[in-house]
Amino acid sequence: MSDDNKPFFVGYLPTPKALRGLLLAVCVLFISGLAGFGLALGVAQDDPGDGAFRFDYGRQTVTGVVELTPYPLLRVTEGNERIPAGHTLMLAGGGKTNVETRAIPLEGQLAQVSGTMLQRGALDMLQLRGGANGISAAEGEVPQIETVPLGRWKLAGEICDGKCLAGAMRPGRGLAHKACANLCLLGKVPPVFVSTQPVDGSEFLLVTGPNGEHLPERAYHYVAQFISLEGDVERRGDLLVLRMDPDTLEVLD
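Nothing here was measured: the structure is a model prediction, and the numbers come from that model. (Residues numbered from 1 in each chain as written. Predicted model: local features only at pLDDT ≥ 70, side-chain atom pairs only at ≥ 80, totals over all residues. Heavy atoms only, no water.)

### Section: the overall build of the chain
Logical step 1: For the chain, the count of helices and strands is 5 helices and 12 strands.
Logical step 2: Considering only intrachain contacts with a sequence separation of at least 6, the fraction spanning at least 24 residues in the chain is 71%.
Logical step 3: Carbon and sulfur atoms provide 57% of the accessible area of the chain, an area that totals close to 13600 Å². (Helix = DSSP H or I, 4+ residues; strand = E, 2+ residues; numbered from the N terminus. Contact = heavy atoms within 4.5 Å. Areas by Shrake-Rupley, 256 points an atom, 1.4 Å probe, with all protein chains shown as cover.)

### Comments concerning the pattern of salt bridges
Pairing of side chains with opposite charge becomes possible as their charged atoms draw close.
Logical step 1: Scanning all chains against the criterion turns up 9 salt bridges.
Logical step 2: Here Arg75 makes a salt bridge to Glu67, at a shortest N to O gap of 3.0 Å. Each member of the pair, Arg75 as well as Glu67, is classed as buried. (Salt bridge = Lys/Arg side-chain N within 4 Å of Asp/Glu carboxyl O. Buried < 20%, exposed > 50% of the residue type's maximum accessible area, 1.4 Å probe, protein only.)

### With respect to the sheet that holds strand E12 (residues 239-251)
Logical step 1: Spatially, the 5 strands close up into a barrel ordered E8-E9-E10-E12-E11, and their pairing is mixed. For this sheet the average axis-to-axis angle between neighbouring strands, irrespective of direction, equals 50°.
Logical step 2: Summarising the sheet, strand E11 (residues 227-236) and E12 pair through 9 bridges and their orientation is antiparallel. Its bridge partner lying in E12, Glu234 is registered against Val241. (Pairing = 2+ DSSP bridges. Axes fitted to C-alpha atoms, helices over the stretch in contact; angles between N-to-C directions.)

### Comments concerning the nonpolar core
Logical step 1: Ranked by size, the top nonpolar core spans 34 residues in total, and within it Phe193 and Leu242 carry the most contacts.
Logical step 2: For this core, the elements supplying multiple residues, two or more each, are strand E4 (88-92), strand E6 (123-128), strand E8 (147-161), helix H4 (162-168), strand E9 (191-199), strand E10 (202-208), E11 and E12.
Logical step 3: Here this core takes 6 residues from E12, the largest share from any one element.
Logical step 4: In this structure Phe193 touches Leu155, Ala156, Gly157, Glu158, Ile159, Glu203, Phe204, Leu205, Val207, Ile227, Leu229 and Leu242, once residues within four positions along its chain are discounted. (Core = buried A, V, L, I, M, F, W, Y, C linked by side-chain atoms within 4.5 Å.)

### Remarks on the environment of Glu203
Logical step 1: One can find Glu203 in strand E10.
Logical step 2: Considered as a pair, Glu203 and Gly157 are 46 residues apart in the sequence and their alpha carbons are 9.2 Å apart.
Logical step 3: Once residues within four sequence positions are removed from consideration, Glu203 is found in contact with Phe193, Val194 and Ser195.

### Topic: the packing of aromatic side chains
Logical step 1: Scanning the model with the defined rule gives 1 aromatic pair in all.
Logical step 2: Between Phe53 and Phe55, the ring centres sit 5.3 Å apart and the planes meet at 20°, which makes this aromatic pair stacked.
Logical step 3: For Arg82, the ring lying beneath its charged end belongs to Tyr57, and the centroid distance is 3.8 Å. (Phe/Tyr/Trp six-rings, centres within 6.5 Å; stacked < 30°, edge-to-face > 60°. Lys NZ or Arg CZ within 6 Å of the ring centre and 35° of its normal.)

### Here's the deal with the confidence of the model for the chain
Logical step 1: Considering every residue of the chain, the mean pLDDT works out to 81; 74% of them sit at 70 or more.
Logical step 2: Below a pLDDT of 50 lies the segment residues 1-14, which in the model reaches 3 contacts outside its immediate sequence neighbourhood of four places, other chains included.
Logical step 3: Overall, residues 22-48 carries pLDDT values under 50, and its contacts beyond four positions in sequence, including any with other chains, amount to 11 contacts. (pLDDT = per-residue confidence, 0-100.)

### Brief notes about the side chain of Ser202
Logical step 1: As for its placement among the helices and strands, Ser202 is situated in strand E10.
Logical step 2: In terms of polar contacts, Ser202 uses its side chain to reach the backbone carbonyl oxygen of Phe204, at 3.1 Å. (Polar contact = N/O pair within 3.5 Å; in protein donor to acceptor, adjacent residues only side chain to side chain.)

### Some details on the environment of Ala122
Logical step 1: Within the element layout of this structure, Ala122 appears in the loop between strand E5 (110-120) and E6.
Logical step 2: For Ala122, a relative accessible area of 70% puts it in the exposed group.
Logical step 3: Residues Ala122 and Glu203, spaced 81 residues apart in sequence, show a C-alpha to C-alpha distance of 8.9 Å.

### With respect to the pairing of E5
Logical step 1: Most of E5 is tucked away, with 8 of its 11 residues classed as buried.
Logical step 2: By the bridge criterion, 2 bridges tie strand E1 (residues 52-53) to E5 in an arrangement that is antiparallel. When the sheet's bridge partners are listed, Phe53 is paired in E5 with Leu118.
Logical step 3: Looking at chain direction, strand E2 (residues 60-68) and E5 are connected through 6 bridges and run antiparallel. Within the sheet, the bridge partner assigned to Gln60 lies in E5 and is Gly115.
Logical step 4: Strand direction decides the pairing type here: E5 and strand E7 (residues 135-137), joined by 3 bridges, are antiparallel. Paired with Val113 across the two strands is Ile135, which belongs to E7.
Logical step 5: Taking the residues between adjacent antiparallel strands as the criterion, E5 and E6 are bridged by 2 residues, where Gly121 takes a positive phi near 60°.

Here you go:
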């Protein structure tokens, strides 16, 4: 055969045994790559920290004034060794549920609440017992409760659901938390913005819509992402509330 008639490429047909070996090698490399990717993703994921249900505290019962932001809060007036007077508690029900229907009739009134604490550092929440055992009217004079405006802020951080963040699940932050967090938020569990910079000494802010309504649904798309936003901040006892402006939401690289 002349050079002009030689094929451009001379191929090699592997034997069935060689082909099986080649496929096995490719599978091993692929699985190893997935394992390496999973390890890298795990290393990059935020450390969920030590948030947890504090069953070791036992059942907690305190009295205070019920407020709606619209998420139910208790401004504690009679505390205990774990929950001091002056503390502001976010309230939630069991699972991915809220306690609004029980709290709304008691808005602005004294109430006794009882349940289990969830706690992550300076962030905490009380998961109420069912029915009147969890929240009921209390006798006494309602003290004046002050709300202090702190002005408009531009912040960077992450929107999370307050219950999982406080310790109901691990991880409490990051992309792996997004689907679970949105289910909690749809259930009107109090949402929390975790700021990269402290605001008046706190990095955790209960976040609402701009007029104090529930978190706008468009904000759900930004949950568990590193974002910036703007809004008005107010202090309710020792809890900060951020009335976010949804038009300012922006994903940061």
